Amino acid sequence: MLNGPHVVFAGGGALGNLYPGLAIARHLERQLADVQVTFAGDGRAVERHLIRGEGYNYVAMPGRQAPTGPLEAVRFVTDNVAGFWASRWMVREQQVSLVVGMGGSASAAMVRAAHGRGIPFMLLEQNAVASRTTRRMAHAAQMICGAFDAVRPHLPVDAPFALTGVPGRPAFESLHARLSASGFARHAEGATHQRRLVVMGGAAGSTTLNEAAPEALSRLAAELDGWQVVHQSGEGQLQPTERRYQAAGVDALVVSHIDELASLLAETDLVLCGAGGAMLAEVSLAGSPAVLVPIPDEDGDKQLANARIFAEATRCPMIDQRPASGDVASALQQEVRTLLVDSARRGELAAAVRDLARPDAAEQISHLISDLLCGVGGRVAA
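Report follows, based on the coordinates. If you're wondering where the values come from, they're calculated on a predicted model, not measured in any experiment. (Residues numbered from 1 in each chain as written. Predicted model: local features only at pLDDT ≥ 70, side-chain atom pairs only at ≥ 80, totals over all residues. Heavy atoms only, no water.)

Turning our eyes to something else, we now look at the overall build of the protein. Summing up its helical and strand segments, the protein has 14 helices and 12 strands in all. Taking the intrachain contacts of the protein between residues at least 6 apart in sequence as the baseline, contacts between residues at least 24 apart amount to 65%. When the accessible area of the protein is evaluated, it comes to approximately 16300 Å², of which 50% is carbon and sulfur surface. (Helix = DSSP H or I, 4+ residues; strand = E, 2+ residues; numbered from the N terminus. Contact = heavy atoms within 4.5 Å. Areas by Shrake-Rupley, 256 points an atom, 1.4 Å probe, with all protein chains shown as cover.)

What follows is the structure, given as structure tokens:
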């Protein structure tokens, strides 16, 4: 029998669907000493390693993202039905008090299971375009925490909504506090340092960035003089990306995953990245000038919508990689060339990016969870 409330953070499919929960969980544990936290994901090894490495329980739930073709449709149905029934069993047997849906197939199954069992749930909507789960379940949610005010038109008029932003991981919260205390001086005055360009292909691997970045940077040999290039390729993309850089004649450090990303971005002068909600939140906390390359999808082009809002607010360049928009490598070459040689422009972008940071997002959401738990009877100890 549990002595305190049991909160499940459900996400998966992309690490960005789990990262915010880590920061929220840390704040929640400070507020409720007897809280039990569990993370639910899609079972990939990288998810288990991440969550268990942070000291939390992790459970794998069957599930699949929307099928891209008819051959995937049967597995989509069977896996998600299995995930729903596994979730229904878990929320009852594990005496779950509250579910926080953060995106991904495990989130959808767990949120629907909680609703079916009469268990409260919250939704964290990281994008400017609401996901299918948010659109379908918003009417029953106890609270929807959003990254962008632009998501409101996608929700029922009477849906409870809080504009919280997306929490960055605890390391990024600490980084933002440290940079704030130093006036966002990344390097000691007068000190020389090697400038660094970081390409973030994402945990799952952005095929476009992994292919276009080596080609674009191969055309910028003069401008890259004195720069270090670090490229995070994502799962299963390490060797192909390394070969592209070798063929392009660019000296780059290519890794599949970066554990200490906050520390790396603290010493980074320019970032090339996608436009997922978690990525933009952490780039903002780090105050990193960025070139955005949003990843297209078939459900409202969520990253493109995020990138447009972010780019308008910060003037960071955005490259549309949809097929009708032209050659991504050439567009990258043009935008990156300007920023490699113009340190003043990079400084302007960094200041604008910092203005979008929400270092209190995790604390705000954890307070909302605590308030909801106070109204949950039976499962929560006094």
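Sheets are built from strands that pair by backbone hydrogen bonding, the pairs being arranged parallel or antiparallel. The strand order across the open sheet built from five strands is β10-β9-β8-β11-β12, with neighbouring strands paired in parallel fashion. Edge positions in the sheet fall to β10 (252-255) and β12 (290-292), since each has one partner strand and no second. Strand-to-strand twist in this sheet, taken as the mean axis angle between neighbours without regard to direction, amounts to 15°. In this structure, strand β11 (residues 270-273) lies alongside β12, joined through three bridges in parallel fashion. Each residue of the ladder has a partner; that of Val271, found in β12, is Ala290. (Pairing = 2+ DSSP bridges. Axes fitted to C-alpha atoms, helices over the stretch in contact; angles between N-to-C directions.)

Taken as a whole and judged by the stated rule, the model has one cavity of 30 Å³ or more. In this structure, the largest cavity encloses a volume near 40 Å³. Pro294, Ile295, Pro296, Asp301, Leu304, Asp320, Gln321 and Arg322 together form the lining of the largest cavity. Here the lining of the largest cavity is composed, by residue class, of four nonpolar, one polar and three charged. (1 Å grid on protein atoms, 1.4 Å probe; cavity = no way out; pocket = protein on both sides within 12 Å on 5 of 7 lines; lining within 4 Å. Points joined across faces, edges and corners; volume = space filled by probe spheres on them. Nonpolar A, V, L, I, M, F, W, Y, C, P; charged D, E, K, R; others polar.)

What follows covers helix α4 (residues 105-116). Its 12 residues place the ends of α4 17 Å apart at the C-alpha level, agreeing with the 16 Å of an ideal helix rising 1.5 Å per residue. Most of α4 is tucked away, with nine of its 12 residues classed as buried. Those residues of α4 lying buried are Ser105, Ala106, Ser107, Ala108, Ala109, Met110, Val111, Ala113 and Ala114. Directly beyond the C-terminal end of α4, a positive phi value near 75° is found at Gly118. (Expected span 1.5 Å × (residues − 1). Buried < 20%, exposed > 50% of the residue type's maximum accessible area, 1.4 Å probe, protein only.)

Moving on: the packing of helix α1 (residues 19-31) against helix α14 (residues 361-374). Where α1 contacts α14, the axes come no closer than 8 Å and their chain directions differ by 55°. The angle between the axes of α1 and α14 places the two elements in the oblique class. Our pair here, α1 against α14, has a crossing hand that is right-handed. On the side of α1, the interface is formed by Ala23, Ile24, His27, Leu28 and Gln31, while α14 contributes Ala362, Glu363, Ile365, Ser366, His367, Ile369 and Ser370. (Parallel < 35°, antiparallel > 145°, perpendicular 65-115°, else oblique. Left-handed = near helix turned anticlockwise from the far one by under 90°.)

To continue, consider the environment of Val199. Positionally, Val199 belongs in strand β8 (residues 195-200). Each C-alpha atom of the pair Val199 and His231 lies 4.6 Å from the other, and the pair is 32 residues apart in sequence. The contacts of Val199, once residues within four sequence positions are left out, are Leu209, Ala213, Val230, His231, Gln232, Tyr245 and Leu272.

Before going further, it helps to spend a moment on helix α12 (residues 328-341). Under the 1.5 Å per step criterion, the end-to-end length of α12 is 20 Å for 14 residues, consistent within 8% with the ideal 20 Å. Taken together, the buried positions of α12 are occupied by Val328, Ala329, Leu332, Gln333, Val336, Leu339 and Leu340. On an axial view of α12, the arc spanned by its buried residues comes to 145°, and they lie on one face. More than 90 degrees from the buried face of α12, the exposed residues found are Gln334 and Val341. (Arc of directions from axis to C-beta.)

Pairing between side chains of opposite charge can happen when their charged atoms approach one another. Taken as a whole, this structure holds 12 salt bridges when the rule is applied. One salt bridge in this structure joins Glu47 and Arg44, with 3.3 Å as the shortest N-O distance. Residue Glu47 is classed as buried on the basis of its relative accessible area, which comes to 0%. Judged by its relative accessible area of 21%, Arg44 is partly exposed. Taking the shortest distance from any N to any O, the salt bridge between Glu215 and Arg219 comes out at 2.5 Å. Given a relative accessible area of 31%, Arg219 falls into the partly exposed group. Residues joined by salt bridges that share partners form a network here, namely Asp42, Arg44, Glu47 and Glu235. (Salt bridge = Lys/Arg side-chain N within 4 Å of Asp/Glu carboxyl O.)

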